[in-house]
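Chain and residue survey
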Amino acid sequence: KGQERMFPPLKVFEPDYCSDLMAGLLIYDLCCPESPANPSITLDNPTQLFESNGVHGGMWRFPYSMDSIGRASYFFGMF
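Residues numbered from 1 in each chain as written. Predicted model: local features only at pLDDT ≥ 70, side-chain atom pairs only at ≥ 80, totals over all residues. Heavy atoms only, no water.

1. What about the overall build of the chain?
Rules: Segments assigned H or I by DSSP are reported as helices when at least four residues long, segments assigned E as strands when at least two residues long, and all are numbered from the N terminus. Think of it in three bands: with a 1.4 Å probe and only protein chains considered, a residue is buried below 20% of the maximum accessible area for its type, exposed above 50%, and partly exposed in between. In what follows, a contact means two residues having at least one pair of non-hydrogen atoms within 4.5 Å.
Of regular secondary structure, the chain possesses three helices and zero strands. Seen in sequence order, the chain has helices and strands lined up from the N terminus as α-α-α. Burial statistics for the chain: of 79 residues in total, 16% are counted as buried. Put simply, of all contacts in the chain between residues at least 6 apart along the chain, 57% involve residues at least 24 apart.

Here it is, written out as structure tokens:
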């Protein structure tokens, strides 16, 4: 495992899980008329696409930016 274990809210997904998840989201976007990806749905802001089906692994609730933990991640990864 990587340095994400030192920063508890973060979750790194396994590649197989990510592939299945992204395929499911694509099918939802293509088949569901109420999906925000549907061009007939009016959005106030393009970032609303991420509100309904965004998978963030904890990054949106993490109190730090990834840039601010870079050195600490490198340091913890050495041990």
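2. Thoughts on the environment of Asn38
In this structure, Asn38 sits in the loop between α1 (15-31) and α2 (49-53). Overall, Asn38 belongs to the buried group, its relative accessible area being 19%. Spatially, the C-alpha atoms of Asn38 and Leu49 are 9.8 Å apart, while their sequence positions differ by 11 residues. Sequence-distant contacts of Asn38, that is, excluding residues within four places in its chain, are made with Cys32 and Pro33.

3. Focus on the confidence of the model for the chain
Detailed reading of the predicted model is not advised wherever pLDDT is low. Under the convention used in this document: Confidence of the predictor at the level of single residues is captured by pLDDT, which takes values from 0 to 100.
Chain-level pLDDT for the chain is 77 on average; 66% of the residues reach the 70-or-more range. Put simply, helix α3 (residues 70-77) is where the chain has its lowest mean pLDDT, 69, and α1 is where it has its highest, 89.

4. Notes on the side chain of Ser35
Tracing the sequence through the fold places Ser35 in the loop between α1 and α2. Ignoring any residue separated from it by four or fewer positions in sequence, one finds Ser35 in contact with Tyr28, Asp29 and Ile41.

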